[in-house]
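# Residue-level structure breakdown
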Amino acid sequence: MEAVDYEGLPETTAVSTHMMAGAAAGIMEHCVMYPLDCVKTRMQILVPDPRANYRNIADAFYRIVRQEGILRTVRGIDVMACGAGPAHAMYFACYEKMKSILCRAGRSNHLAHGVAGSCATVLHDAVMNPAEVIKQRMQVFGSPYRNWIHCYRAVYAREGPAAFYRSYGTQLSMNIPFQSLHFVIYEFSQDLLNGERHYNPKTHIVSGGLAGAVAAAATTPLDVCKTLLNTQERCAHVMKSSAISGFVEAFRTVYRFRGARGFFSGVSARVLYQMPSTAISWSVYEFFKAYITKQKSPTNGDFGNKIS
């Protein structure tokens, strides 16, 4: 009988299978590492409040907890979980579908992985962008919002619905190269470490962590611009317009306040956040794929063996 690799679940597998696995992976990824994401946002603020001017990651986390309480590091985690579930469900379902279409020969094709990741990112960011805006508005120092619903209503009333997609173009310009690079490195690492494509948690964690770290470092300048567009710092309103809109204006504003070094503000926090985040995401997703394949297999074999 021809071997069936769990990496590419059978074509009869329902899309809901990928969506459930993806949703679980996305929620775990964002919630487990959320406090570090809060630190990253704080460190990317162009002109921080003197009480929130941090030297490094450890100093930021220590001062946030000491001055504002431990719960401050998880403000907005609920809206992130609500957004991450459906966003990652569509993300992984689209990626797997596109990968199966572009890799018909059954061979690894890194260009196809990059294209599939780009397509998946467009859907993912369309759902995730409003949650990102609310999350970052609640993460900044001195945020006036009681909860995410209060934040949503206040932003909508003051800035209109466009506020939730002001950074969408920048988000795509960041995440398309991020995810393309991320998927290519992940699949390449799997070719080297797990050529037989067995379910192997160690290789999924290593490959995911490596892919996340490299992609995060390479796209940090765009992430800084995205944070500015999402938070709309008052001190950054150097133009006559009431809001900073668009990548070009954000780029100029970052350079005006921080210079070239400003584009790598929070790079260490971003890498430390993304490395375990992508490792968690891939290991959880691959676990669900392997588990579902095992349940559907007539032999009901072990995870460690290729199902045939």
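Predicted, not measured: the structure shown is a model, and the values here were computed from it. (Residues numbered from 1 in each chain as written. Predicted model: local features only at pLDDT ≥ 70, side-chain atom pairs only at ≥ 80, totals over all residues. Heavy atoms only, no water.)

### Quick notes on the overall build of the chain
For clarity, the cut-off: The numbering of helices and of strands both runs from the N terminus, where a helix is a DSSP run of H or I of at least 4 residues and a strand a run of E of at least 2. Any two residues having at least one pair of non-hydrogen atoms within 4.5 Å are treated as being in contact. Areas reported as accessible are Shrake-Rupley estimates using a 1.4 Å probe. Residue values count occlusion only from the protein chains shown.
For the chain, the helix and strand inventory stands at 11 helices and zero strands. Reading the chain from its N end, one meets helices and strands in the order α-α-α-α-α-α-α-α-α-α-α. Taking all contacts inside the chain whose residues are at least 6 apart in sequence as the whole, residues at least 24 apart take part in 74%. Summing over all exposed atoms, the chain offers an accessible surface of approximately 14100 Å²; the carbon and sulfur share of this is 63%.

### Some points on helix α2 (residues 34–43)
Every α-helical turn comprises 3.6 residues, leaving residues that sit three or four positions apart pointing alike. As a reminder of what qualifies: Summary of the burial criterion: residues with accessible area below 20% of their type's maximum are buried, those above 50% are exposed, and those between are partly exposed, where the area comes from a 1.4 Å probe applied to protein chains only.
α2 sits mainly inside the fold: nine of its 10 residues count as buried. For α2, the complete set of buried residues consists of Y34, L36, D37, C38, V39, K40, T41, R42 and M43.

### Notes on the nonpolar core
The criterion, for reference: The nonpolar core is taken to be a set of buried Ala, Val, Leu, Ile, Met, Phe, Trp, Tyr and Cys residues, with the residues joined through side-chain atoms within 4.5 Å.
Of all hydrophobic cores here, the largest spans 27 residues; its most connected members are L36, V39, I57, F92, Y95, W282 and Y285. For this core, the secondary structure elements donating two or more residues are α1 (15–32), α2, α3 (57–68), α4 (77–102), α5 (110–139), α7 (168–193) and α11 (267–296). With six residues, α11 is the single largest residue contributor to this core. Discounting chain neighbours no more than four positions away, the residues touching W282 are F92, Y95, H182, F183, Y186, H204 and G208. The next biggest cluster of nonpolar side chains, apart from the first, holds 11 residues, and it includes V133, I134, Y145 and A163.

### Examining the packing of aromatic side chains
Which entries qualify depends on this criterion: Two rings belonging to Phe, Tyr or Trp (six-membered ring only in the last case) form a pair when the distance between their centres is within 6.5 Å. Interplanar angles under 30 degrees mark stacking, angles over 60 mark edge-to-face geometry, and anything in between is tilted.
Summed over the entire model, instances satisfying the criterion amount to 15 aromatic pairs. Here the aromatic rings of F251 and F263 are separated by 4.5 Å at their centres, their planes lie at 25 degrees, and the arrangement is stacked. Of this pair, F251 sits in helix α10 (residues 247–258) while F263 sits in the loop between α10 and α11, placing them 12 residues apart in sequence. Judged by relative accessible area, which is 37%, F251 ranks as partly exposed. The class of F263 is buried, set by a relative accessible area of 6%. Here a set of aromatic residues connected by ring pairs shows up, and it is made of Y91, F92, Y95, F183, Y186, W282 and Y285.

### What about the pattern of salt bridges?
Two side chains carrying opposite charge are able to pair once their charged atoms lie near each other. The test is simple: Basic side-chain nitrogens of Lys or Arg form a salt bridge, by our definition, when they fall within 4 Å of a carboxyl oxygen of Asp or Glu.
Taken as a whole and judged by the stated rule, the model has 17 salt bridges. Notably, a salt bridge pairs R166 with E159, separated by 3.0 Å at the nearest N-O pair. With relative accessibility at 23%, the residue E159 sits in the partly exposed group. Several salt bridges converge on common partners, so that one network encompasses D37, K40, E132, K135, D223, K226 and R270.

### As for the side chain of E96
Applicable threshold: Any pair of nitrogen or oxygen atoms within 3.5 Å is treated as a polar contact; in protein, a donor-acceptor pairing is required on top of that, and neighbouring residues in sequence qualify only through side-chain atoms on both sides.
With respect to the helices, strands and loops of the structure, E96 is situated in helix α4. Owing to a relative accessible area of 6%, E96 belongs among the buried residues under this scheme. Within the local environment of E96, its side chain forms a polar contact with the side chain of Y285, the two groups lying 2.9 Å apart.

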